[in-house]
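What follows is the residue order along each chain.
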Amino acid sequence: MAEHGITDLVLYGDTRPIHAMAIARAKAAGVTVHVFEEGYLRPWWVTYERGGANGHSPVMHMTLDQIRAALATTGHDPIEAPDLWGEMRQHVAYGSL
């Protein structure tokens, strides 16, 4: 990473063994980690978190008051979810690939 001047690592998911290894090496080298993941609260969205997703999310170390305070400073209104996001069989098939 240092040899090539890598400053950021971008991944889709952070629990695959090769991703976990890359994240560990990136963090040790001071590289910023960005993780995209299928939405776990809104399954038809892709989520983004800096540092890790799901159980590795920085949000896991925040109190509810800290989360509320952070949300209050975004300046964005929540986006309404559509009523339908696609067929489950297609979501499962593409997710397993």
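Scroll up to find the structure this text is about.
About the thresholds
Residues numbered from 1 in each chain as written. Predicted model: local features only at pLDDT ≥ 70, side-chain atom pairs only at ≥ 80, totals over all residues. Heavy atoms only, no water. Helix = DSSP H or I, 4+ residues; strand = E, 2+ residues; numbered from the N terminus. Expected span 1.5 Å × (residues − 1). Buried < 20%, exposed > 50% of the residue type's maximum accessible area, 1.4 Å probe, protein only. Arc of directions from axis to C-beta. Contact = heavy atoms within 4.5 Å. Core = buried A, V, L, I, M, F, W, Y, C linked by side-chain atoms within 4.5 Å.

## Details of helix 1 (residues 17-28)
Then step 1. Its twelve residues place the ends of helix 1 17 Å apart at the C-alpha level, agreeing with the 16 Å of an ideal helix rising 1.5 Å per residue.
Then step 2. The complete set of buried residues in helix 1 reads H19, I23 and A26. Taken end-on, helix 1 shows its buried residues confined to a sector of 65°, consistent with a single buried face. Exposed positions of helix 1 whose direction lies more than 90 degrees from the buried face are P17, I18, R25 and A28.
Then step 3. On its buried face, helix 1 sits against strand 1 (8-12) and strand 2 (32-38).
Then step 4. Backbone geometry just downstream of helix 1 places G30 in the positive-phi region, at approximately 80°.

## Thoughts on the nonpolar core
Then step 1. Residues L9, L11, I23, A26, V31, V33, V35 and A53 constitute the largest nonpolar core, which totals eight residues.
Then step 2. When contributions to this core are tallied by element, the ones reaching two or more residues are strand 1, helix 1 and strand 2.
Then step 3. Here A26 is in contact with M1, L9, V31 and V33, once residues within four sequence places are set aside.

Everything listed here is a matter of coordinates, which is why it stays silent on function.
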